[in-house]
Structure formats: structure tokens, C-alpha cells
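# Commentary on secondary and tertiary structure
Spelled out from the first residue to the last, the chains are:
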Amino acid sequence: MAEVQRWDLADEARMVEFGGRLGQAARPQATIYLHGNLGMGKTTLSRGVVQSFGHTAVVKSPTYTLVEPYELEQGRVYHFDLYRLADPEELEFLGIRDYFSIEAVRLIEWPEKGEGILPEADLELLIEKQGTGRQVTVKANNPLGEQVLARLSEMSAD
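It should be emphasised that the depicted structure is a prediction, and the values quoted were computed from it without experimental measurement.

### Some words on the sheet that holds strand β1 (residues 4–9)
One open sheet accounts for seven strands, arranged β1-β7-β6-β2-β5-β4-β3; its pairing is mixed. One side of each edge strand has no neighbouring strand; the edge strands of this open sheet are β1 and β3 (67–72). Going from strand to strand, the sheet's axes swing by 15 degrees on average, the running direction of each strand aside. In this sheet, strand β6 (residues 123–130) lies alongside strand β2 (residues 30–35) in parallel orientation, the contact comprising four bridges. Of the residues in β6, the one forming a bridge with Tyr33 is Glu124. Each of β2, β3, β4 (75–81), β5 (105–109) and β6 is contacted by helix α2 (residues 42–52), which is oriented at about 170 degrees to β5, the strand it contacts most.

### A look at the nonpolar core
Within the largest apolar cluster, 29 residues are counted, with the highest numbers of intra-cluster contacts made by Phe18, Leu22, Ile32, Leu45, Leu123 and Leu125. Contributions of two or more residues to this core are made by β1, α1 (12–26), β2, α2, β5, β6, β7 (133–140) and α5 (143–157). With five residues, α1 is the single largest residue contributor to this core. In contact with Phe18, not counting residues within four places along its chain, are Trp7, Leu9, Leu45, Leu125, Val136, Val138 and Leu152.

### Structural notes on the pattern of salt bridges
All told, the structure shown has five salt bridges when counted by the stated rule. With a shortest N-O distance of 3.7 Å, Glu17 and Arg21 are connected by a salt bridge. A residue pair is termed a helical-turn pair when its members lie 3 or 4 positions apart in one helix, as Glu17 and Arg21 do in helix α1 at four residues. Residue classification places Glu17 among the partly exposed residues on the basis of a relative accessible area of 41%. Residues Arg97 and Glu92 are paired through a salt bridge, measuring 2.6 Å at the closest nitrogen-oxygen approach. Take Glu92: its relative accessible area is 31%, and that puts it in the partly exposed class.

### Some thoughts on the pairing of β6
Residues in a regular strand point their side chains to alternate faces of the sheet. In this sheet, β7 lies alongside β6 in antiparallel orientation, the contact comprising eight bridges. In the strand pairing of β7, Glu124 is matched with Lys139. Where β6 folds back onto β7 in an antiparallel hairpin, the turn is made up of two residues, including Gly131, whose phi is positive at roughly 60 degrees.

### Overview of the packing of aromatic side chains
Overall, the coordinates contain five aromatic pairs when judged by the stated rule. Pairing Phe80 with Tyr99 gives two aromatic rings, centres 5.3 Å apart and planes at 85 degrees, and the pair type is edge-to-face. Placement of Phe80 in strand β4 and of Tyr99 in helix α4 (residues 96–99) is noted, with a sequence separation of 19 residues between them. Tyr99 carries the same exposure label as Phe80, and that label is buried. Consider the rings of Tyr83 and Trp110, whose centres lie 4.9 Å apart with planes at 55 degrees: the pair is tilted. In this pair, Tyr83 sits in the loop between β4 and α3 (90–94) while Trp110 sits in the loop between β5 and β6, placing the two residues 27 residues apart along the sequence. Residue Trp110 is classed as buried on the basis of its relative accessible area of 14%. Here a set of aromatic residues connected by ring pairs shows up, and it is made of Tyr78, Phe80, Tyr99 and Phe100. In this structure, Arg27 is placed above the aromatic ring of Phe53, and the distance from its NZ or CZ to the ring centre is 4.0 Å. Here the guanidinium or amino end of Lys113 rests over the ring plane of Tyr83, the centre of that ring lying 5.6 Å away.

What counts and what doesn't
- Residues numbered from 1 in each chain as written.
- Predicted model: local features only at pLDDT ≥ 70, side-chain atom pairs only at ≥ 80, totals over all residues.
- Heavy atoms only, no water.
- Pairing = 2+ DSSP bridges.
- Helix = DSSP H or I, 4+ residues; strand = E, 2+ residues; numbered from the N terminus.
- Axes fitted to C-alpha atoms, helices over the stretch in contact; angles between N-to-C directions.
- Contact = heavy atoms within 4.5 Å.
- Core = buried A, V, L, I, M, F, W, Y, C linked by side-chain atoms within 4.5 Å.
- Buried < 20%, exposed > 50% of the residue type's maximum accessible area, 1.4 Å probe, protein only.
- Salt bridge = Lys/Arg side-chain N within 4 Å of Asp/Glu carboxyl O.
- Phe/Tyr/Trp six-rings, centres within 6.5 Å; stacked < 30°, edge-to-face > 60°.
- Lys NZ or Arg CZ within 6 Å of the ring centre and 35° of its normal.

Structure, rendered in C-alpha cells:
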């Protein structure tokens, strides 16, 4: 059975902070699916992950480009946003397999749009509204995901 943990995050700053811890925990590589309705904070969380690798410029949503690569001194992050994907086959034209053949943290918003083409996620996050904040449910799907979740839990306990 997959391991599941939940975090309640009060505001945008906490979401970015949580993303930073996730980025640290996921190094050097992991595939992370980000689930949640529009406006739940998937890109905000992704900003924290990318910044944890040393990126200081703006982290924008790759809604129109499908992928935003960050090749940083501390490692690689590929941020995918598949919201506008019409057909999963489009991912083949993007060269999707190349992104999964190298060591990197891969964040994928709207992964259901790539079903049948994308590999299994190590971790799946579901972001839902919780009062004025958000609840993030994290599920580990395999041994690598369990390791990342354990590191994330240790960091969150500090």
C-alpha cells in the first residue's frame, strides 16, 4: 500500500516554503505529479522547488510552452504544465522520453493529460482548498517516492 501524508499550509508563503523542502528532499531526481484544480497553487509550489535549486529569477508557468527547463548548478528541474495539451501523443513530439532519461526533478502539472505516455510518478501531490489555505496530500508510489517522502517528513518535523 502506498504511503500517504498530509500537510496544511496556511498561505502562499508556506506553499513556497513547502516546495523548497520538497525540492531538497527530491534531489537528485524524482518524478512528481501535481494534482489540483485551477488556482490551487501548483505553480506556487513549483516555484519553491525551483528556487531550492538556486534559481533566483521568476518561475513562470509553462502553460504555453509545456515545459520550462531549469539547468542549475545544484541540479536540473523540468517543470511541465500539460493543461493545454490536446492529445497525449503531442508529448512524443516534445521529446518527452529525453526528459526522463537524465537525472532531474520533474514536476508535472495536469499529468492526467499525458496518461499513457508519462511514466509512473514517484510522488503524487494533491492540492486542495483548506479554509483560506491549502492541504497538500503526498502519496509515494514506489521505493524512491517513499525515500523522498521520508526525507520531506524529517525536514517538516524540524
